[in-house]
Amino acid sequence: MAYTITLIPGDGIGPEVANATKQVLEAAGAKIDWDVQEAGAAVAEKRGTTLPDEVLTSIRRNKVALKGPIGTPIGKGFRSVNVTLRQALDLYANVRPVRSLPGVEPRFEGTDVVIVRENTEDLYSGLEVMIMPGIAQSMKIITERASLRICEYAFDYAERMGRKRVTVVHKANIMKISDGLLLECFRKVATKHPRIEPVEVIVDACALQMIKNANRLDVIVTENLYGDILSDLGAGLVGGLGIVPGANIGVDAAVFEAVHGSAPDIAGMGIANPTALIQSAVMMLQHIGELAAAQRIERGLLATMENGVRTADLGGPTGTDEFTRTLCETIGRM
């Protein structure tokens, strides 16, 4: 079966890592017809918007998208494409698996934790006012609806992926009403999933626990701001944003993305690391049920890393094309 999937190559190194990912998916036997759409800083110069309407139309039609890194012009009034996509498509769950890879020198070996972050509200709602000169106020929005569905997603994910526990990360000892509502919703959802152990951790203690023994947290579910910070902390544990995948999941659509920047300073030099987008594509294949192809890519990537094939950002001499070719050849032998 062939799937039609929206592809947004992105800015900077985006087209390079997107092309590498397409080659890897083809080597794994995934049959995909790509609906290529342009968004980001480069498009803004031509179209006056970073996110043309046809991009959203494509994603709504195809239900699934793979997105490379996208830049936002600074100081020109353009909204972030990432934020706009999440809000327009109601992509309420940001999912960030954080896992050590062989051949990459992480801060901590054997790290394997998943962060599920609520993606639509909290302080990122952007509701700010200047009460009076010198006094600014940001409004933290936490709703029962959003809290229930993100907790439900986290427990469902844990069951589907064979995980043992879900850890809610909060600051309800201080923000008793807002974070208290999340905690209340977590406890309610936990009763419906007796096979999964529910754990409650305050956010600052969670940061410490991630350094000491992240795996005990297993699946983290949390609010937008905490999740954003902890996701980057997790990436730092395993070698950086260049190897960590990400997904934004909604009821009617899902966007899988590289979470690193567009790195315009190395665009076109052939040294970009496509690992993050490749791992995001594995998540995408799992999402659409192409489990065999996803497994072939995972095994091939692990074998390639174990053999010491690394791009410059990971301390190796391998360029984008050579890394991709080696990975495709490894997949072909499996």
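Right, let's walk through the structure included here. (Residues numbered from 1 in each chain as written. Predicted model: local features only at pLDDT ≥ 70, side-chain atom pairs only at ≥ 80, totals over all residues. Heavy atoms only, no water.)

### Some words on the pairing of strand β7 (residues 135–138)
Piece 1. As paired strands, strand β6 (residues 128–132) and β7 are joined by four bridges and run antiparallel to one another. Bridge pairing links E128 to S138 in β7.
Piece 2. Counted along the chain from β6 to the antiparallel partner β7, the turn is two residues long, and its residue G134 has a positive phi close to 90°. (Pairing = 2+ DSSP bridges. Helix = DSSP H or I, 4+ residues; strand = E, 2+ residues; numbered from the N terminus.)

### Remarks on the pattern of salt bridges
Piece 1. In total, this model carries 20 salt bridges according to the counting rule given.
Piece 2. Residue D90 pairs with R149 through a salt bridge whose shortest N-O separation is 2.8 Å. One end of the pair, D90, is in the loop between α4 (81–88) and β4 (93–99); the other, R149, is in helix α5 (residues 144–160), and 59 residues separate them in sequence.
Piece 3. Relative accessible area serves as the criterion here: at 15%, R149 is assigned to the buried category.
Piece 4. Close ionic contact of R165 with E197 constitutes a salt bridge, the shortest N to O distance being 3.2 Å. One end of the pair, R165, is in strand β8 (residues 165–170); the other, E197, is in strand β9 (residues 197–202), with 32 residues separating them in the sequence.
Piece 5. Under the relative-accessibility criterion, R165 is labelled buried at 18%. (Salt bridge = Lys/Arg side-chain N within 4 Å of Asp/Glu carboxyl O. Buried < 20%, exposed > 50% of the residue type's maximum accessible area, 1.4 Å probe, protein only.)

### Overview of the packing of helix α1 (residues 14–27) against helix α11 (residues 320–332)
Piece 1. Where α1 meets α11, the closest approach of the two axes is 9 Å, and the angle between their N-to-C directions is 10°. Comparing their axes, α11 and α1 come out roughly parallel. In this structure, the crossing between α1 and α11 has a hand that is right-handed. Together, E16, A20, Q23, V24 and A27 of α1 and T320, T324, L327, C328 and I331 of α11 make up the contact between the two elements.
Piece 2. For the contact of α1 with α11, a count of residues per class yields six nonpolar, three polar and one charged. (Axes fitted to C-alpha atoms, helices over the stretch in contact; angles between N-to-C directions. Parallel < 35°, antiparallel > 145°, perpendicular 65-115°, else oblique. Left-handed = near helix turned anticlockwise from the far one by under 90°. Contact = heavy atoms within 4.5 Å. Nonpolar A, V, L, I, M, F, W, Y, C, P; charged D, E, K, R; others polar.)

### Some points on the nonpolar core
Piece 1. Residues V166, M210, F256, L285 and I297 are the most contacted members of the largest nonpolar core, which totals 82 residues.
Piece 2. Considering each element in turn, this core owes the most residues, nine residues, to helix α9 (residues 275–288).
Piece 3. If we ignore the near neighbours within four places in the chain, the residues touching I297 are V24, L25, A28, I278, V282, L285 and I331. (Core = buried A, V, L, I, M, F, W, Y, C linked by side-chain atoms within 4.5 Å.)

Nothing here speaks to function; it is all geometry.
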